[in-house]
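Structural characterization, general
Chain residues, written in single-letter form:
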Amino acid sequence: MLSQVFVLSSKGDRLIYKDCILCPSPRGWAGLSLRGDGGSDFVESFFRKITALPGDQPPIFAAHEGLHFVHVRHAGLYFVATALPSTSPFTAVEFLNRLVTLLRDYCGALNEKTVSLNFALIYEVLDELLDYGYIQTTTPDVLKNFIQMEPVVSQHFSLLDLSTVGLFGADTQQSRVAPSCAAARPVLPLRGEQGARAEVFLDVMERLTVIIAANIWTRAVDLNLCLFLPPPPNQGTPMKTDIQGEIRLKSFFPGCSEMRVGLTEEFCVGKTELRGYGTAVRVDECSFHSAVKLDEFERSRVLRVSPSQGELSLMQYQLADDIPTPLPFHLFPTVTHDPAGRLQVYLKLRCDLMPKSHAVNVRVHLPVPKAAVSLSQELSSPEQTAAWQPSTKSVEWVVPRVQGGSQLSALFKLEVPGLSRAGLLELGPVNLAFEVPAHTCSGLQIRFLRFAGPQPSLPHRWVRYVTHSDSYVIRLNAG
């Protein structure tokens, strides 16, 4: 049973607060009050404790008069529920994840502005989801019969963009690609909106976790000679390479009878299975949504599903320590220092994607010694930026776009008074964040996306592949 559900901004501002049933009075659970007056106390206590936690916050922790705070974070917002100690924590986390999915279906892009504009709709959704703290249903087909409020869209969405129309209405290359905001709109059409376009979006998303050991060739003493030294023979041995993948469907097609999704024919589960005559696409394990029918999966690698409007995770899969494609990035660091306290870090970033591919929003985060007082930099191209963060004692190197097969470099010169061996240990590890569109490290592809049975009109179908870094860590050896 859940006691309270609330949504906070990244700064701790209360956007949504629902007191489900009973909450403790200031005297504790001995005196219970209906729709209690402790809402502000709960919100302030949660935000104070969550901001005090170092690093990644756990989703569940006990605090404030015996209640358990359960939370998930999405788009910078905190979705929080308070539960009694007897409540299953997994149920509370799953409820919050489904709540986020439902609010994306009803409100479109989920951020602080859309939550503020659609607060009445969100309260109505919560009233239907919870009855005196007990979860009733999270099924979109059931909820749409009871939700009466309309979403408030901050910016009117239209797929028709004049920049994608060629001369005399001819198609252009841009017109064959859906805008990035195409799937981030409410599922249910607004009243008075006629001819809503029926569309289906299928995303193959992979999160990459990599840990690379330090290269033993990273030390030099003579700052005048270090820049002419040849690059190290290798970057370091990968200690961990994991892929967490997901096939996610978002449907704007009401009344769909059945959809058939064909995967790569050589898709294998486990290390012993062999299929087809081409290069096998292997995963260690996979799981499917309960609505997916698997009667054709073993024979022809086809998933059958009858989706309702909204978002649905068709399949999740995992691959560890046996990635068939090269890693997207390799980093070659060279660390030099002298007894005067001058520290230089030379980073050469190589993109090992195919020349036709590219990565966007590449960020290199480098922790530096806490005693550093100044930074100067030399970057290999003008579109790159780098900034020193004095509060976190780190350097942030940002590259908007990196083409496959290219190399970039950056030289950072730091003044560190009294630099010692202990101070050198504070350098690194390097954390790399990026996103690679139209690419999967596992090699999984969608063969087809078809609709079975009679349909009044076929929807527009979009398939997108994207790989982004979940944790991409390169250790340094500056000793």
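Up top you'll find the structure we're talking about.
Residues numbered from 1 in each chain as written. Predicted model: local features only at pLDDT ≥ 70, side-chain atom pairs only at ≥ 80, totals over all residues. Heavy atoms only, no water.

Some words on the sheet that holds strand S23 (residues 385–389)
Heads up, the rule is: Being paired, for any two strands, means DSSP has found at least two bridges between them. Secondary structure counts use DSSP, requiring at least four H or I residues in a row for a helix and at least two E residues in a row for a strand, with both numbered from the N terminus. With axes taken as lines fitted to C-alpha atoms, and helix axes fitted only over the stretch in contact, angles between N-to-C directions fall between 0 and 180 degrees. Any two residues having at least one pair of non-hydrogen atoms within 4.5 Å are treated as being in contact.
Read across the open sheet, the nine strands follow the order S16-S18-S12-S10-S28-S26-S21-S24-S23; overall the sheet is mixed. The open sheet has two edge strands, strand S16 (285–288) and S23, and neither has a second partner. Recorded for the sheet is a direction-independent mean angle of 15° between the axes of neighbouring strands. Direction of pairing for strand S21 (residues 358–367) relative to strand S26 (residues 430–437): antiparallel, over a ladder of four bridges. Within the sheet, the bridge partner assigned to Val-364 lies in S26 and is Leu-432. Against the sheet, helix H2 (residues 89–107) touches strand S12 (238–251) and strand S18 (310–320), its axis set at about 135° to S18.

Thoughts on unusual backbone geometry
Here is the rule we go by: Buried, partly exposed and exposed residues are distinguished by accessible area as a fraction of the type maximum, computed with a 1.4 Å probe on protein chains only: under 20%, between the cut-offs, and over 50%, respectively.
Residue Pro-429 is bonded to the preceding Gly-428 through a cis peptide linkage, with omega at -5°. The topology assignment puts Pro-429 in the loop between helix H7 (421–424) and S26. Of note in the backbone geometry, Asn-361 takes a positive phi value of approximately 55° without being a glycine. On the secondary structure map, Asn-361 appears in strand S21. Although it is not a glycine, Ala-438 adopts a positive phi angle of roughly 55°. With respect to the element layout, Ala-438 can be found in the loop between S26 and strand S27 (446–452). Residue Ala-438 is classed as exposed on the basis of its relative accessible area of 62%.

On their own, these measurements won't tell you what the molecule is for.
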